[in-house]
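Secondary and tertiary structure notes
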Amino acid sequence: MAANYKLELVGVLGHPVAENPSCVMEEAGFAALGLPWRYLTMDVAPADLPDAIRGVRALGMQGVNLTIPHKVAVLPLLDEVSPDAARIGAVNTVRREGKRLIGENTDGKGFLRGLRQEAGVEPAGRNVLLLGAGGAARAIAFELAAAGVGRLAIVNRSAERGAALCADLKERAGLAARFELWTGRCKVGSEVDILVNCTSIGLFPKVSEMPPADLEKARADLLVCDVVPNPAETRFIKAARARGLKTLTGLPMLVGQGAIGFEMWTGRPAPEAAMKAALAKAFE
Ligand code: NDP
C-alpha cells in the first residue's frame with residue numbers, strides 16, 4: 001500500500017487562546033478512533049483574522065473553532081452561515097464543504113446535549129431562568145426556544161444586552177422571553193425548573209466568585225447549571241449541591257459542543273467518553 005503521511009487539520013483561533021482546552025478533547029477523540037487528524041491552538045490577533053481565514057482555506061484545513069474575540073467578526077469572512085448561527089449572531093465552529101467554509105454555532109446544542117444526556121432533563125415545556133446575555137446565553141436561549149422551552153427569563157447586569165437578546169428571541173424565534181435587570185441578588189422563585197449561570201462569574205482564576213442568586217424560595221427539584229467549564233466544579237455548583245439541589249457543570253456543554261464539531265468535521269460519531277475523560281484529567 002502507498003504511504004500516506006498527510007494529516008487533516010482543524011484547530012481553534014482566539015486571542016488569547018493558550019488556556020483553551022479544546023485541543024485536549026479533540027486530540028483524545030482523534031486518538032481514540034486512530035484518525036490522522038490534528039487540532040491546533042492558534043493565537044490570532046483581531047486584525048489578522050481575515051488572513052487567518054485565508055490561511056484556513058489555503059492550507060485545506062477541515063475547519064476551525066472560533067473563540068473570544070472572533071465569534072462575531074468571522075461572519076463576513078465565510079461563504080455561508082447556518083440559519084442557527086445567523087439567529088444567534090455568532091459562529092463558534094467552521095466546517096468545510098468542498099471549497100466553501102460554513103459557519104455553525106454548537107454552543108447551545110452542546111448545552112442541550114449535556115442537559116439531556118447527563119441530567120436526563122428535556123427542556124420542552126420547562127420554565128428556565130438564564131443569568132447573563134452574552135454569547136453563551138444567546139446560543140443557549142435560541143436552542144431552548146427551538147426545543148420548545150415553556151417560559152424563559154433573562155436576567156442580566158447590562159439592560160442593553162439583556163433587552164437586545166429578548167428582542168432577537170421574539171423576532172427570530174417567536175419566543176416572548178422576560179427580561180429582568182440584575183441588581184443585587186436575583187431571586188429564584190419556585191416556578192423555575194432550570195437555572196443556568198451563563199455569565200463568566202467564577203471562571204478561573206476568579207474561582208472564589210459566584211453569581212449573586214438567592215435560592216431561598218427555589219423548589220427542591222430545581223436543576224442548577226453552570227456554563228463555566230474551568231474549574232469543573234464552580235463555587236456556584238458546589239453551593240447548589242450543598243443545598244441538596246441537582247446540578248450540571250459546564251463540562252458536559254464543553255464536551256457536547258466539541259463532540260458536535262468533531263462529528264461535523266470527521267463525519268464519525270464522537271468518542272465522547274474518551275474526550276470527556278481527557279478534559280476532566282486536564283482540569284484536575
Ligand atoms: P460574554 O462576554 O459574551 O458574556 C458575559 C456575560 O457575563 C454577560 O452577560 C455579562 O454581563 C456577564 N457578566 C460578566 N461578569 C459579570 C459580573 N461580575 N456580574 C454580572 N454579570 C457579569 O461571554 P460568553 O457568553 O462568551 O462566556 C460566558 C461564559 O460561558 C464564560 O465563562 C465561558 O467560559 C463560558 N462558555 C462555556 C462554554 C462551554 O462549552 N462550557 C462555551 C462557551 C462559553 P453584561 O452584559 O452586563 O456585561
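Please refer to the structure higher up on the page.
What comes next is a walk through the structure. What you are looking at is a predicted structure, and each value in this text was computed from that prediction instead of being measured. (Residues numbered from 1 in each chain as written. Predicted model: local features only at pLDDT ≥ 70, side-chain atom pairs only at ≥ 80, totals over all residues. Heavy atoms only, no water.)

**Considerations on the sheet that holds strand S3 (residues 63-66)**
The pairing of strands in a sheet happens through backbone hydrogen bonds and is either parallel or antiparallel. What the six strands build is an open sheet, ordered S2-S1-S3-S5-S6-S4; its pairing is mixed. Whereas interior strands pair on both sides, the edge strands pair on one side only; in this sheet they are strand S2 (37-43) and strand S4 (80-81). Across three bridges, S3 lies against strand S5 (residues 93-97) in antiparallel orientation. Bridging from a neighbouring strand, Val64 pairs with Val94 of S5. Where helix H8 (residues 251-266) meets the sheet, its contacts fall on strand S1 (8-14), S2, S3, S5 and strand S6 (100-104), and the angle it forms with S5 comes to roughly 15°. (Pairing = 2+ DSSP bridges. Helix = DSSP H or I, 4+ residues; strand = E, 2+ residues; numbered from the N terminus. Contact = heavy atoms within 4.5 Å. Axes fitted to C-alpha atoms, helices over the stretch in contact; angles between N-to-C directions.)

**Observations regarding the site of the ligand**
Taken together, 22 residues are adjacent to the ligand, and Ala133, Ala136, Asn156, Arg157 and Ser158 come closest. Here Ala136 contributes a backbone N or O atom positioned 2.8 Å from an oxygen atom of the ligand. Side-chain polar atom of Arg161 to an oxygen atom of the ligand: 2.9 Å apart, as the coordinates give it. Taken atom by atom, the bulk of the ligand overlaps the largest pocket. Elements with a minimum of two residues in the shell around the ligand: helix H5 (135-146) and H8. (Near = heavy atom within 4 Å. Polar contact = N/O pair within 3.5 Å; in protein donor to acceptor, adjacent residues only side chain to side chain. 1 Å grid on protein atoms, 1.4 Å probe; cavity = no way out; pocket = protein on both sides within 12 Å on 5 of 7 lines; lining within 4 Å. Sits in = over half its atoms within 2 Å of the grid points.)

**Quick word on the packing of aromatic side chains**
According to the stated counting rule, one finds three aromatic pairs in the structure shown. Pairing Phe30 with Trp37 gives two aromatic rings, centres 5.6 Å apart and planes at 35°, and the pair type is tilted. The interplanar angle of 45° and the centroid separation of 6.2 Å between the aromatic rings of Tyr39 and Trp265 together place this pair among those described as tilted. Here the residue Tyr39 occupies a position in strand S2, and Trp265 occupies one in helix H8, the gap between them amounting to 226 residues. (Phe/Tyr/Trp six-rings, centres within 6.5 Å; stacked < 30°, edge-to-face > 60°.)

**Considering the side chain of Glu26**
Following the sequence through the fold, Glu26 ends up in helix H1 (residues 22-33). Despite being buried, Glu26 has no salt bridge partner; Arg113 is the closest side chain of opposite charge, sitting 10 Å away. Excluding residues that lie within four positions of it along the chain, Glu26 makes contacts with Tyr39, Gly258, Phe262, Trp265 and Met275. (Buried < 20%, exposed > 50% of the residue type's maximum accessible area, 1.4 Å probe, protein only. Lys, Arg positive; Asp, Glu negative; His and termini not counted. Salt bridge = Lys/Arg side-chain N within 4 Å of Asp/Glu carboxyl O.)

**Notes on the pattern of salt bridges**
If you walk through the whole model with that rule in mind, you get 21 salt bridges. Overlapping salt bridges, with partners in common, bring together Asp84, Arg87, Lys109 and Glu143 in one network.

**Details of the pairing of S5**
When you tally the buried positions in S5, you get four out of five residues, the bulk of the element. Summarising the sheet, S5 and S6 pair through five bridges and their orientation is antiparallel. Following the sheet pairing, Val94 is matched in S6 by Gly103. Taking the residues that link successive antiparallel strands as the turn, the S5-S6 hairpin has two residues, and the phi of Gly98 there is positive, at about 65°.

**Notes on the pairing of S2**
Pairing analysis gives seven bridges linking S1 to S2, with the strands arranged parallel. Note that in S2 the partner of Val10 across the bridge is Tyr39. A crossover connection joins S1 to the parallel S2 through H1; in handedness this β-α-β unit is right-handed. (Right-handed = clockwise from strand over helix to strand, strands pointing away.)

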